[in-house]
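Structural characterization, general
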Amino acid sequence: LSSWYDTFRRVTFKTEVIPLPEDFVQYLHEDGIVVADDGQESDVEDDDSDGWDTEVAEVQRFPELEQSIVEAISRLGGTVLPKLNWSAPRDATWLSSLECRKPSEIFMLLKASDFVAHDLSCPFEQCEDASMITRPDQYSLVLRRWHTLSDGMEFRCFVWNNQLIAISQRDYTAYFPFLNHLMFDIERSIHRFFLDSIQNRFTQPNFAFDVYIDRPPRLRVWLLDFNPWGACTDTLLFTWQDLELLTDQPQSTDASLEQAGSDSEAASRDRIRDELISNKHELGFVTRILHSEESVRPSPLHMYRLPTDALDLSNSEAIQHFVDQVRNFPTQS
């Protein structure tokens, strides 16, 4: 986000970017979640009075970073949504809301997130030059002013060769009946926004971008984020084959049919292409939303709801087994 914010600040939510010191990046790499409450001293006493031989992890503090975060949160209205360079810790919401008011809440989310861990360990794994670059020169903490967004009004837009080719409802885990009545205006609002604010201004010709649209009557479009054109980006209600066919590239025709290796696969591609063309908007793109409750899909974040060991304790038999183990655990004499 830090790479494009200055260019598009007029059409996105107010944001502050804080460079992260290297010792904090290493702290995020470390196992375990040990976060000091705001105002807590860093010295932790190892109290062995209960007879257990326990080792208390040292609570690390980053005074200058924490002060920068406190000041940024204040400038942004008191509540923020945190991100690393690319990802928000959406998979850690089982632990805490993404609506953060102090540094300790942000640190806890970042430490608990697999998405953030991926940004730290292998952010460029799907890039062509992944063997040449393993991490960015600078990791940054991105703080965005918190806004309570209306469900169902976020969309992902796909751009090929600087042309808008597809729009997908972003949240496919719920059916929003009102979208059926609003899509005529929503499609035109997004298309106008793309022409006025996005087209030929982003650094790449092929990409995806996410938007939020204010509920009627305003229907103002806000830019949320950009995403690369590639497998790391969720295509939501489309598939990559759908999008490839919409690009009208050579690999979508003769070369792909030869590669498919069978008449049935070639026929399937023809059928999909015909369906896409028949649903293409007069403005040149295809839109997909959910039209019924039966179309709802499960959330990919369900697997991140709770740690496995917490799920294991979600039934009475597992809890009783745990209690029995504790009772039988040998104690020091």
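Whatever comes next refers back to the structure up there.
Let me sum up the structure you'll find in this document. What you see is a predicted model; the values in this text were computed from it and never measured.

Rules of the game
Within every chain, residues take consecutive numbers counted from 1 along the sequence as written. Local features in this predicted model are restricted to residues whose pLDDT is 70 or higher, and side-chain atom pairs enter the listing and the counts only when it is 80 or higher, whereas totals over whole chains, interfaces and linings include all residues. Hydrogens and water are ignored here; the side-chain numbers use all heavy atoms of the structure. Under the pairing criterion, centres of Phe, Tyr and Trp rings, with the six-membered ring standing for Trp, must be within 6.5 Å; the plane angle then separates stacked pairs below 30 degrees from edge-to-face pairs above 60, leaving the rest tilted. Helix numbers and strand numbers start at the N terminus; a helix is a DSSP run of H or I with at least 4 residues, a strand a run of E with at least 2. Using a 1.4 Å probe on the protein chains alone, a residue whose accessible area is under 20% of its type maximum counts as buried, one over 50% counts as exposed, and one in between counts as partly exposed. Sitting over a ring, as applied to charges here, requires NZ of Lys or CZ of Arg to be within 6 Å of the ring centre and within 35 degrees of the ring normal. What makes two strands pair is DSSP finding at least two bridges between them. Interaxial angle, 0 to 180 degrees, is taken between N-to-C directions of lines fitted to C-alpha atoms, where a helix line uses only the stretch in contact. Residues are treated as being in contact if the distance between any of their heavy atoms lies within 4.5 Å. Working definition: roughly parallel below 35 degrees, roughly antiparallel above 145 degrees, roughly perpendicular at 65 to 115 degrees, and oblique for all remaining angles. N or O atoms closer than or at 3.5 Å make up a polar contact, with two conditions inside protein: a donor-capable atom paired with an acceptor-capable one, and, for residues adjacent in sequence, both atoms drawn from side chains.

1. Concerning the packing of aromatic side chains
For any two aromatic rings, the description comes down to two numbers: the centre-to-centre distance and the angle of the planes. Applying the stated criterion to the full structure yields 19 aromatic pairs. Seen from their ring centres, Tyr27 and Phe62 are 5.2 Å apart, and the 55° between their planes marks the pair as tilted. Of this pair, Tyr27 sits in helix 2 (residues 22-29) while Phe62 sits in the loop between helix 2 and helix 3 (63-75), and the two are 35 residues apart along the sequence. Residue Tyr27 shares its accessibility class with Phe62, and that shared class is buried. Consider the rings of Phe202 and Phe207, whose centres lie 4.7 Å apart with planes at 55°: the pair is tilted. Residue Phe202 is classed as buried on the basis of its relative accessible area of 19%. In this structure Phe207 comes out as buried when scored by relative accessible area, which is 0%. Ring-pair connections join several aromatic residues into one group, and the members of that group are Trp4, Phe8, Phe194, Phe202, Phe207, Phe209 and Phe226. The positively charged end of Arg220 is found above the aromatic ring belonging to Trp222, 3.8 Å away from the centroid. Just above the ring of Tyr172 sits the side chain of Arg297; from NZ or CZ to the centre is 5.6 Å.

2. Some points on the sheet that holds strand 6 (residues 207-213)
Taking strand neighbours across the sheet as the criterion, the five strands line up as 7-6-4-5-8 in an open arrangement whose pairing is mixed. Each end of this open sheet is capped by a strand with a single partner; those strands are strand 7 (221-228) and strand 8 (286-288). Neighbour-to-neighbour, the strand axes of the sheet open up by a mean angle of 20°, direction not taken into account. In the sheet, strand 4 (residues 154-160) pairs with strand 5 (residues 163-169) via six bridges, with the strands oriented antiparallel. Residue pairing in the sheet places Phe155 in a bridge with Gln169 of strand 5. Relative to strand 6, helix 6 (residues 179-198) is tilted by about 125°, and along the sheet it contacts strand 4, strand 5, strand 6, strand 7 and strand 8.

3. Remarks on the packing of helix 3 against helix 4 (residues 103-112)
Contact geometry for helix 3 and helix 4: axes closest at 9 Å, N-to-C directions at 110°. Here helix 3 is positioned roughly perpendicular relative to helix 4, judged by the angle of their axes. On helix 4, the residues touching Leu65, Glu66, Ile69, Val70 and Ile73 of helix 3 are Pro103, Ile106 and Phe107.

4. Thoughts on the side chain of Gln199
Relative to the elements of secondary structure, Gln199 occurs in the loop between helix 6 and strand 6. Polar contacts involving the side chain of Gln199 include one to the main-chain carbonyl oxygen of Asn162, which spans 2.9 Å.

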